[in-house]
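# Report on the structure
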Amino acid sequence: MDRRRTIQFDSLKNQYSWRRIKYLFVVNTRKNAIFPLFVMFGLLVVFTMVGMNAYWLGLFDPDSLQAEGISNDYDGSFWDSLYWSLKHLLDPGAFSEDYSASTGIVLFALLNTLVGFIILGGIIGFVSNWIQSSMEELRRGGSAVHEFNHIVILGWNRKVISILRFFEALKQKQPVVILANTDIGKVSEEVRLVERDFKHVSVMPQHGSPTLATELNRVAITDSRAIIMLADEETVSQQQSKDIPTIKTLMQLENLSWPSGKPNSVVEITDKENVDIADIATKSKVPIVSSSDFVSKTLVQCARYQGYSEIYSELFSFGQTEFVIKSVAGFENKYFGQVAHAFEDSILLGVSWVEEKNGVERRTAILNPEPDYELFDDEELIILTAPQNEPVGQSMPENEPQPMMEVLPYQRAVFNNVLILGWNASILDIVREFNGHAVDKVKIKIVSSHEETIARRGLDQLSQEGLQNIEVDYQSADSTSRTVLGSLNINTYDDIIVLADESNETSDPDSRTVLTLLMLRELKDKKPEDFPTTTAEFYDQDARQLCSDTPLTDAVISPEFVSMQLTQLARQPVLDKIYRELLGAGGIEIALRPVELYVPLDQECTFADLITATQQVNEIAFGLFVKEGSAAQKLKLNPHNTETFSFQTGDLVSVLAQQVYS
């Protein structure tokens, strides 16, 4: 009985030992993917040594040497034994060459051949599995990134493609890594379609959560040159705000160590109410772009100034102009109006300086200061110039007086009645923006098929905010319907804004915008007199091109505009204060004025004369909308001061000016 128990115990012990070995193999394989390869090479070494023992059974005796597969060409000892043993492990066919050898040697050869099958099978299986796993990891976007000085985009939405195009426009070699918790197949396919036209930007999409420190380290974020954080589209259907993961990522970045210093960063926040939270998370160190707030400001400015979108696109893209911050050295104690004439190939827009408050350095920017603003040595100049140009100021006589020119007052068309067609996340901010610009009561009618209870709940929120200058009326109806549009008395409105309508999940917003504009064209054909100006929002530039023969007077490609700002801020965070100053209600704005307010028509004058005239009403001229022959008006930013013009009726000058309210 005791003997039976002992045998049973030994059997269980052996069974446990094999299970333990198998478990250790699995554990070590999970820890180190190449562990099985080490095991295979270990077995190869062990059984090579085992096979070499055939030497003691007469491997090199005269009788054995008669076999085709046995020879003593090297030393008839160690090296020939090693070669013979290793050959049988790596070449199973070598066993057939041992015919006529002794039984013991044949048995050693058979053992090595059988073990060789296992070792070779294991190595081939490992290599095959390793290649397959590597390809699968590549498809999953789970590989480690070994880049330096690259751009990291955290999150995925329709703005990513525009951002990639803007970096390509810089014509500089630039790797870009995208880390998003989005279907990697979708991301890779969209990137592939645009990347095939790229010559300078290489893109590596990666799948993972930007809120995890391990994933951030995997994309080598501490070695990056810039970080762009976007609201991820994958959170659209979730109950929480799309900004919550972004704010978590901001907090995670604050906890990382940055051996080479923190790179330039910029973050997109979709909901204006979350901007303050994001600002706290970043300790006010990272520029924040509120996409809905930005789009609403741009749409309202386009409604107020037809042609604004073209100015903005040219001013903030990577084309013919760029903003430069230059030391005030050489112009200390001089007046801003004087220094503006010192740069013949650039436009002086304002001044900037860095001040410290509560241990935090903050940059302050003032655009369009008074001409008699005195410059100090701790300030910097904000200059609009050509790319790669180094603005050089010319010397000028002390206190040179500028000639006085007669400037006529500007009368802004009043907006009392505005029609908004469609509904998306920017709608409430648009209403707030109109309130910020209005002095008299402005009536806004909103028509959309958005769920009425949700829409009215949002409008009730506006009522609670006490918007004094706005009266809002909501109508639940299909804004693409001919019947609905025909019943709206379109010609009674001062302006129409057609939003990229997200109220209908089954149809593309741009398709609805195009359809609405076609319906408006039909209405304008029936009654062309006094038809209101029409501003539209698009998500794609191609859809905009379809609407050339419609009442459209200005358009905003909202993802492209936001992407433009994000890309610029990722390169130059100092521009954040300039953008805020330009887009806020109250303060300084980009405006378009008839050129005859400043200089006579049909008379030759230089752009410097126009700068002098605009200075007299505390404005800064920085561009023109002029006709060239029979062609349509063309935007020309940053003309040379000495360039001569003879202006015609309809020509416009773009200026930085104090806002004129509706």
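Here goes a summary of the coordinates provided.

## Regarding the packing of helix H10 (residues 291-304) against helix H11 (residues 308-316)
Contact pair H10 / H11: the axes reach a minimum separation of 8 Å and the direction vectors enclose 130 degrees. By the angle class used here, H10 and H11 are oblique. Along the contact surface, H10 presents Phe294, Thr298, Gln301 and Cys302, while H11 presents Tyr308, Ser309 and Tyr312. For the contact of H10 with H11, the per-class residue count stands at 4 nonpolar, 3 polar and no charged.

## Topic: a nonpolar patch on the surface
Together, Phe95, Leu107, Leu110, Leu114, Phe117 and Ile118 make up a nonpolar patch on the protein surface, roughly 580 Å² of accessible area in all. Examined against the element boundaries, Leu110 turns out to sit in helix H4 (residues 103-140). The class for Leu110 is partly exposed, based on a relative accessible area of 34%.

## Thoughts on the sheet that holds strand E19 (residues 620-627)
With antiparallel pairing, the 4 strands of this open sheet are ordered in space as E17-E22-E19-E20. Only two strands of the sheet have a single neighbouring strand rather than two, namely strand E17 (588-594) and strand E20 (633-637). Strand-to-strand twist across the sheet, computed as the mean angle between neighbouring axes with direction ignored, equals 30 degrees. In this structure, E17 lies alongside strand E22 (residues 652-658), joined through 7 bridges in antiparallel fashion. Its bridge partner being in E22, Leu592 is matched across the sheet by Ser654. Seen against the sheet, helix H20 (residues 607-615) touches E19 and E22 and runs at an angle of roughly 125 degrees to E19.

## Points about the pattern of salt bridges
For the structure on display, the rule yields 20 salt bridges. Where Lys262 meets Glu254, a salt bridge forms, and the shortest distance between an N and an O atom there is 2.8 Å. On the accessibility criterion, Glu254 (24% relative accessible area) is partly exposed. Linking Arg432 and Glu465 is a salt bridge whose minimum nitrogen-to-oxygen distance equals 2.8 Å. One end of the pair, Arg432, is in helix H13 (residues 427-437); the other, Glu465, is in the loop between helix H14 (452-464) and strand E13 (470-476), and 33 residues separate them in sequence. A relative accessible area of 21% places Arg432 in the partly exposed class. Glu465 sits in the partly exposed class, given a relative accessible area of 37%. Where salt bridges share partners, they join Lys272, Asp293, Lys297 and Glu433 into one cluster.

## Quick word on helix H8 (residues 243-255)
Taking 1.5 Å of rise per residue, the 13 residues of H8 would be expected to cover 18 Å, and the 19 Å separating its terminal C-alpha atoms lies within 8% of that figure. Of all the residues in H8, the buried ones are Asp243, Pro245, Thr246, Ile247, Thr249, Leu250 and Leu253. Buried residues belonging to H8 abut strand E1 (151-154), helix H7 (213-218), strand E4 (226-229), strand E5 (264-269) and helix H9 (275-281).

## So, the nonpolar core
Formed by 117 residues in total, the largest nonpolar core has its most connected members in Ile153, Ile228, Leu349, Leu381, Leu610 and Phe622. Sequence-distant contacts of Leu349, that is, excluding residues within four places in its chain, are made with Phe323, Phe336, Ile366, Leu367, Asn368, Pro369, Ile382, Leu384, Ile620, Phe622 and Leu656. Core analysis: the second largest hydrophobic core is formed by 24 residues, Leu488, Tyr493, Val514 and Ile557 among them.

## What about the environment of Ser284?
Residue placement: Ser284 occurs in the loop between H9 and strand E6 (288-290). Between the C-alpha atom of Ser284 and that of Arg362, which follows or precedes it by 78 residues, the distance is 8.4 Å.

## Thoughts on the sheet that holds E13
Sheet architecture is open: 6 strands sit in the order E13-E12-E11-E14-E15-E16, paired in parallel fashion. Edge positions in the sheet fall to E13 and strand E16 (554-557), since each has one partner strand and no second. Between one strand axis and the next, the sheet turns through 15 degrees on average, direction left out of account. Running over the sheet, helix H16 (residues 509-526) touches strand E11 (417-421), strand E14 (495-498) and strand E15 (533-538) and is turned about 165 degrees from E15.

## Remarks on the environment of Glu355
Of note, Glu355 is situated in strand E8 (residues 347-357). Sequence-wise, Glu355 and Asp378 are 23 residues apart; in three dimensions their C-alpha atoms are separated by 9.9 Å. A polar side-chain atom of Glu355 sits 3.2 Å from a polar atom in the side chain of Thr364.

## Points about unusual backbone geometry
Unlike most non-glycine residues, Lys171 shows phi in positive territory, near 60 degrees. Its place among the elements puts Lys171 in the loop between helix H5 (159-169) and strand E2 (174-180). Unusually for a residue other than glycine, Asp602 sits at a positive phi of about 60 degrees. Of the residues examined, Asp602 reaches a relative accessible area of 53% and is grouped as exposed.

## A few points about H20
With 8 of 9 residues buried, H20 lies mostly within the body of the structure. Where H20 is concerned, the buried positions are Phe607, Ala608, Leu610, Ile611, Thr612, Ala613, Thr614 and Gln615. Lining the buried residues of H20 we find helix H12 (336-339), E8, strand E18 (604-606), E19, strand E21 (644-646) and E22.

## Some words on the packing of aromatic side chains
Within the structure shown, the criterion is met by 12 aromatic pairs. Members of the aromatic cluster, joined through ring pairs, are Phe294, Tyr308, Tyr312, Phe316, Phe323, Phe561 and Tyr579. Note that Arg158 overlies the ring of Tyr539, its terminal NZ or CZ placed 4.0 Å from the centroid. Above the ring of Tyr410, the side-chain terminus of Arg593 is found at 4.1 Å from the ring centroid.

## Remarks on the packing of H10 against H13
The contact between H10 and H13 brings their axes to 8 Å, and the two run at 50 degrees. Taken together, the axes of H10 and H13 are oblique relative to one another. Crossing angle aside, the handedness with which H10 passes H13 is right-handed. Listed contacts from H13 to Ser292, Asp293, Ser296, Lys297, Leu299, Val300, Gln301 and Arg304 of H10 are Asp429, Ile430, Glu433, Phe434 and His437. Its residues assigned to classes, the contact of H10 with H13 shows 4 nonpolar, 4 polar and 5 charged.

About the cut-offs
Residues numbered from 1 in each chain as written. Predicted model: local features only at pLDDT ≥ 70, side-chain atom pairs only at ≥ 80, totals over all residues. Heavy atoms only, no water. Axes fitted to C-alpha atoms, helices over the stretch in contact; angles between N-to-C directions. Helix = DSSP H or I, 4+ residues; strand = E, 2+ residues; numbered from the N terminus. Parallel < 35°, antiparallel > 145°, perpendicular 65-115°, else oblique. Contact = heavy atoms within 4.5 Å. Nonpolar A, V, L, I, M, F, W, Y, C, P; charged D, E, K, R; others polar. Patch = residues over 30% accessible without salt bridge, like charges linked within 9 Å, V, L, I, M, F, W, Y side chains within 5 Å. Areas by Shrake-Rupley, 256 points an atom, 1.4 Å probe, with all protein chains shown as cover. Salt bridge = Lys/Arg side-chain N within 4 Å of Asp/Glu carboxyl O. Buried < 20%, exposed > 50% of the residue type's maximum accessible area, 1.4 Å probe, protein only. Pairing = 2+ DSSP bridges. Expected span 1.5 Å × (residues − 1). Core = buried A, V, L, I, M, F, W, Y, C linked by side-chain atoms within 4.5 Å. Polar contact = N/O pair within 3.5 Å; in protein donor to acceptor, adjacent residues only side chain to side chain. Phe/Tyr/Trp six-rings, centres within 6.5 Å; stacked < 30°, edge-to-face > 60°. Lys NZ or Arg CZ within 6 Å of the ring centre and 35° of its normal. Left-handed = near helix turned anticlockwise from the far one by under 90°.

In short, the description is geometric, and any link to function would need to be established separately.
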